[in-house]
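If you want the building blocks of each chain, they are given just below.
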Amino acid sequence: MDKFMIVGGRRLFGSVKAECAKNAVLPLFAAAVLTDEPVFLRGAPPIADALCMAQILRELGAEAEFTAEGVAVRSADAHLHTISSALTRELRSSVFMLGALLTRFHRACIAYPGGCDIGLRPIDLHLSALKRLGVSITEREGYIFCECGRLRGAEIQLDFPSVGATENAMLAAVMAEGETRIGGAAKEPEIVDLQNFLNRMGAKVKGAGTDTVRIEGVSRLHGADFRPSGDRIEAGTFLIAAALCGGEAEVTGVRPEKLASLLHKLRENGCKIHTKNDKIRVESSGRLKSNRRIETMPFPGFPTDLQAQATALNCTCEGCSLIVENLFETRFKYVPELQKMGADIVVRGRNAFVRGVPRLHGASVTAGDLRGGAALVLAALGAEGASEVLDLSHIDRGYYNFAGKLKNLGADIRRVRT
Ligand code: EPZ
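Residues numbered from 1 in each chain as written. Predicted model: local features only at pLDDT ≥ 70, side-chain atom pairs only at ≥ 80, totals over all residues. Heavy atoms only, no water.

## Examining the domain arrangement of the protein chain
Part 1 of the argument: According to the domain assignment, the protein chain consists of domain 1 (2-19 + 230-417) and domain 2 (22-226).
Part 2 of the argument: A C-alpha centroid distance of 30 Å is found between domain 1 and domain 2.
Part 3 of the argument: With 23 residues of domain 1 in contact, the opposing surface of domain 2 contributes 18 residues.
Part 4 of the argument: Between domain 1 and domain 2, roughly 1,800 Å² of surface is buried when both sides are summed, and carbon and sulfur atoms account for 55% of that area.
Part 5 of the argument: If you look at where domain 1 meets domain 2, you find three salt bridges. (Domains from an automatic or database assignment. Contact = heavy atoms within 4.5 Å. Buried area = accessible area lost by both parts, 1.4 Å probe. Salt bridge = Lys/Arg side-chain N within 4 Å of Asp/Glu carboxyl O.)

## Topic: unusual backbone geometry
Part 1 of the argument: Cis geometry marks the peptide bond from Phe299 to Pro300, where omega comes out at 10°.
Part 2 of the argument: The residue Pro300 is located in the loop between strand 18 (293-295) and helix 10 (307-314) in this model.
Part 3 of the argument: Its identity as a non-glycine residue notwithstanding, His106 has a phi of 60°, on the positive side.
Part 4 of the argument: The topology assignment puts His106 in the loop between helix 4 (97-105) and strand 7 (107-111).
Part 5 of the argument: Classification of His106 by relative accessible area gives partly exposed; the value is 31%.
Part 6 of the argument: With a phi close to 55°, Asn401 is a non-glycine residue in the positive phi region.
Part 7 of the argument: Assignment of secondary structure puts Asn401 in the loop between helix 13 (393-398) and helix 14 (402-408).
Part 8 of the argument: When its relative accessible area of 44% is taken as the criterion, Asn401 is described as partly exposed. (Helix = DSSP H or I, 4+ residues; strand = E, 2+ residues; numbered from the N terminus. Buried < 20%, exposed > 50% of the residue type's maximum accessible area, 1.4 Å probe, protein only.)

Following this line, the structure appears as structure tokens:
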């Protein structure tokens with residue numbers, strides 16, 4: 001198992017280019033199953049979650065090969081439609097394979113994904129959307145069995161703008177008979193990526209990025225070569241790192257409007273933000289003012305995937321802040337590790353009350369989830385003295401060459417094998 005060895009206190013300077021977005025790439029793997037022609041996901045990084053999705057496709061009989069330029073997928077020989085519990089446990093978001101498999105094979109079987117370290121993460125909205133499209137679903141012994149004739153277009157209204165449920169419904173409706181309208185849809189930029197990819201394949205999808213997605217079913221889809229957009233969460237993580245450590249860093253490859261809520265908060269901290277096209281630069285003195293309140297919300301609100309990183313930033317800001325996590329039930333599990341570094345945080349349910357201290361001190365801490373792990377790294381970069389961050393498997397799920405990029409910005413961070 002690897003760990004990061006970090007010596008805090010370095011200011012960060014330089015530029016880093018965001019990878020293609022993890023949360024855009026993952027549903028595109030599912031969409032690749034909709035055609036028997038070759039598909040190329042240009043720029044897709046070999047992060048652990050993408051490797052896992054590739055493995056899922058191989059288990060279905062498809063081919064998925066990573067190259068320096070991206071991932072080549074060929075689903076011509078895909079013929080299976082069951083996803084094992086081991087893979088579903090490893091990658092919850094495999095659940096949106098259901099929509100793609102039902103479109104391709106009119107049947108699908110997936111182990112119930114269950115909860116994870118950030119919350120219960122039910123899939124009721126996914127299943128009710130699929131039922132509206134004509135899918136019959138039975139749940140037995142921890143598995144979900146789905147089957148359908150030709151999927152029929154329908155009116156779907158989501159009770160909550162779930163990203164995964166919106167994507168699943170799009171994947172199931174894209175070749176259904178007639179029109180589908182998804183109301184109450186998630187508006188995340190990754191939904192727009194999925195729409196653009198599907199339309200590149202010959203689909204007729206519109207409205208992604210708004211709360212209503214409309215789909216006119218088509219009879220077939222062809223191959224495509226597509227570059228997903230930049231990872232706004234990776235970019236936001238580096239911007240927060242620079243704010244926390246002090247210095248001047250630029251992130252390229254993500255348009256500022258995709259991070260408007262974060263940039264607003266960083267300005268509130270006292271950072272200077274400069275934006276031009278897909279470049280975002282942050283200047284920070286390092287000793288910032290607390291954000292009085294951060295509430296995570298569906299896009300365009302403050303992203304839950306930057307909540308842990310923003311909490312780490314506020315640990316050493318002047319003043320107090322209230323962080324409210326509205327999306328997931330238990331997304332503060334990283335807090336005890338920050339407290340080992342001297343953070344003054346009290347968690348009550350979905351609220352974290354943070355009192356800024358002048359400086360954290362180094363400690364040995366363990367990552368428990370993807371974004372919480374990234375937050376521990378950021379805290380260590382700003383802390384006094386040496387830290388180690390253990391169990392990098394979580395961070396590797398969503399950050400490619402995380403240490404290398406931070407080192408290029410001037411951080412004292414090394415990845416060592418234990
Ligand atoms: C996606 O997860 C992202 N993952 C998550 O990123 C992100 O945190 C989340 O959207 C919210 O933005 C991918 O895109 C692969 P949701 P998803 O369905 O689709 C409830 C990361 O760190 N809900 O929008 O699973 C659910 O419990 C990951 O990159 C239901 O109640 O999120 C949660 O409270 C973590 N029933 C809320 O909706 C359902 O059927 C948001 O979940 C589905 C969801």
